[in-house]
Structures are given as structure tokens and as C-alpha cells.
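# Understanding the architecture of this molecule
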Amino acid sequence: MKVEQISEHIWSIRSWMLIPVHVWAVADDEGVTLVDAGMPFMAKGIEKAVDQLGAGPLRRILLTHGHSDHTGSVKALVERYAIPVYAHRTEIPYMEGQLAYPGRRKAEKNVAPGLAEALKENEDGQLLTVAGLRPCLTPGHSPGHVVYFHEEDQVLLAGDLFTSKKGKLHRPMPMFTADMGEAVRSSVIVKKLAPRRLEVCHGGPVMDAAAQLDEYVQKTAKAYSIDLGIAF
């Protein structure tokens with residue numbers, strides 16, 4: 001596994017499973033928050049990376065969504081650190097196996113029922129910032145997909161909202177994406193946030209992603225005959 005500091009408060013932890021798989025460690029005054037938990041074989045490497053950061057104990061896991069390549073180390077990490085796990089309330093029934101992900105024949109029990117808590121919201125339904133990370137709901141790849149924006153570092157941890165190639169935004173993997181049209185419409189968040197650096201689970205970093213968004217949207221919408229129905 002490769003550990004790389006990508007900003008003042010964030011480290012990328014990367015492994016390979018035919019394609020790259022990234023998770024991220026985010027430090028604040030209380031310790032470390034892990035965004036996504038990769039595959040089961042990554043658990044020991046994540047533990048070692050967190051311990052070697054010297055940024056304090058692991059405090060929590062935030063999930064972008066509940067697919068198995070993002071939840072694989074949850075069980076082992078929770079058993080070691082006794083920490084809470086958070087995901088969007090919409091995602092929890094799918095990752096617990098109560099509902100089948102759209103387009104899938106069978107439900108997937110990727111996280112034990114009752115283990116994950118819903119990300120906290122205010123009275124207006126807005127997701128609350130956690131450890132310097134602002135969660136934003138971006139459905140499409142999965143029903144409750146969330147991205148996390150570190151406002152101080154100007155880094156967007158985008159999970160599977162996109163993949164990337166050679167520093168360019170690319171569509172999420174079609175065979176695992178519930179609704180490509182919705183995923184493309186969710187990508188408008190990049191223009192709103194205008195991150196300095198965008199990170200994806202499967203691929204390398206994208207700099208100044210907002211400048212690429214129009215081209216990405218138009219190209220993907222054309223390829224999938226998507227009626228955007230919104231202004232970009």
C-alpha cells in the first residue's frame with residue numbers, strides 16, 4: 001500500500017485490485033477520520049498507516065457509499081478501534097442488505113445491520129460538517145452516495161462520483177452505477193465547490209476539476225443519451 005500526504009490535513013492510502021483503490025485519512029485536533037474503508041485485505045495496511053501518521057487515534061469512518069470496495073475493512077477497523085461508522089441515511093438500507101441496489105439482482109449485506117449511523121443533519125435537512133469535512137449528497141452511482149469537501153484544504157473526496165484518467169474526469173464505472181443520468185446531474189457539485197484538488201477512489205487526482213466539468217457533462221450525457229434537465 002502507498003501512503004501519500006496530499007494536503008495539510010489529508011493522506012491518500014492506496015492499494016490495487018486490478019484497478020487502484022483509494023481511501024483517505026483526514027487529521028484534525030481530535031485525531032484521524034477515515035473516508036471509506038476499501039477492501040478487506042486493506043485493513044492491516046490502513047491500521048499501520050493511521051498509526052504511523054502520528055496524528056492521533058482513529059476516531060470515525062465516513063463512507064461515501066456502501067459498495068463492497070468501500071466497506072471491506074469496516075468490520076476489522078471497528079473491532080480494533082471501537083469507532084462509529086457513518087453513511088447517508090438513504091444508503092444504509094442498501095449496504096445492510098435490506099434493499100437491493102438498483103440494477104442488482106440480489107441485496108448485498110456489506111455492513112452489519114445497526115453498525116452504521118446516519119450522517120447528522122440540521123433541522124433543514126442539511127448534512128453537518130464532520131472533522132472539517134462537509135458532506136454533500138450526490139446520488140446516482142448509488143442512491144445515497146456522498147462526497148466530502150475539506151473546506152480548509154480545498155480538497156474534494158469524491159468517492160465514485162467519477163473515475164479519472166491522466167488528470168481528467170471520467171464517468172463512474174457503468175456496470176456498478178445505478179443511474180448514470182443522476183450521477184451526471186450530481187456532478188454539478190464540483191462547480192459549486194470549485195475544489196483545488198479532487199480525489200476519486202479509482203484513479204488519480206484531478207486538479208481544477210470545475211474547469212473540466214462542462215466538457216465532462218456534455219460528453220457523458222451524449223454517450224448515454226441523458227436529458228440533463230438542468231443548467232450547467
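This report concerns the structure included in the present document. Residue numbers run consecutively from 1 along every chain, following the written order of its sequence. The model is predicted, so local features are restricted to residues of pLDDT at least 70 and side-chain atom pairs to those at 80 or more, both for listing and for counting; the totals for chains, interfaces and linings are taken over all residues. Side-chain measures here rest on the full set of heavy atoms in the structure, leaving out hydrogens and waters.

### Some remarks on the packing of aromatic side chains
What characterises a pair of aromatic rings is the spacing of the ring centres plus the angle enclosed by the ring planes. Where we set the bar: Put simply, two rings from Phe, Tyr or Trp (the six-membered ring, in Trp's case) pair if the centres are within 6.5 Å, and we call them stacked under 30 degrees between planes, edge-to-face over 60, tilted for the rest. Burial status follows relative accessibility: with a 1.4 Å probe on protein chains alone, a residue under 20% of its type maximum counts as buried, one over 50% as exposed, and anything between as partly exposed. Strands are runs of DSSP state E lasting at least two residues, helices are runs of H or I lasting at least four, and both sets are numbered from the N terminus onward.
Considering all chains together, one arrives at 2 aromatic pairs under this definition. Between Y94 and Y101, the aromatic rings sit 5.3 Å apart at their centres with planes inclined by 25°, giving stacked as the arrangement. Overall, the relative accessible area of 15% leaves Y94 in the buried class. Here Y101 falls in the buried class, since its relative accessible area comes to 2%. For the pair F162 and Y216, a centre-to-centre distance of 5.0 Å together with 70° between the ring planes defines the contact as edge-to-face. In this pair, F162 sits in the loop between β10 (155-157) and β11 (163-165) while Y216 sits in helix α7 (residues 213-223), placing the two residues 54 residues apart along the sequence. With respect to class, F162 is no different from Y216; both count as buried.

### Describing the sheet that holds strand β3 (residues 19-28)
We count it as follows: The pairing criterion is simple: DSSP has to find at least two bridges between the two strands. Axes here refer to lines fitted to C-alpha atoms; in helices the fit is confined to the stretch in contact. Angles between the N-to-C directions go from 0 to 180 degrees. Pairs of residues are marked as contacts when any of their non-hydrogen atoms sit within 4.5 Å.
Read across the open sheet, the 7 strands follow the order β1-β2-β3-β4-β5-β6-β7; overall the sheet is mixed. Looking at the sheet topology across the chains shown, the edges are occupied by β1 (2-5) and β7 (116-118). Averaged over all pairs of adjacent strands, the angle between strand axes in this sheet comes to 30°, irrespective of strand direction. Contacting β1, β2 (10-17), β3, β4 (31-35) and β5 (58-62), helix α1 (residues 43-53) runs over the sheet at an angle of about 160° to β2. Packed onto the sheet, helix α3 (residues 74-81) meets β4, β5 and β6 (85-87) and runs at close to 155° relative to β5.

### What about the side chain of E96?
Here is the rule: Think of it this way: Lys and Arg go in the positive column, Asp and Glu in the negative one, and His and the chain ends go nowhere. Between Lys or Arg on one side and Asp or Glu on the other, a salt bridge is scored when a side-chain nitrogen of the former is within 4 Å of a carboxyl oxygen of the latter. Polar contact is defined as a pair of N or O atoms within 3.5 Å, subject to the rule that within protein one atom must be able to donate a hydrogen and the other to accept it, and that residues adjacent in sequence are counted only when both atoms are side-chain atoms.
By the secondary structure assignment, E96 is in the loop between α4 (92-95) and β7. Look at E96: it is buried, it has no salt bridge, and the nearest opposite charge is K109 at 9.0 Å. Of the polar contacts made by the side chain of E96, one reaches the side chain of Q98; its length is 2.4 Å. Setting aside anything within four residues of it in sequence, one finds E96 in contact with E108, K109, V111, A112, P113, G114 and L115.

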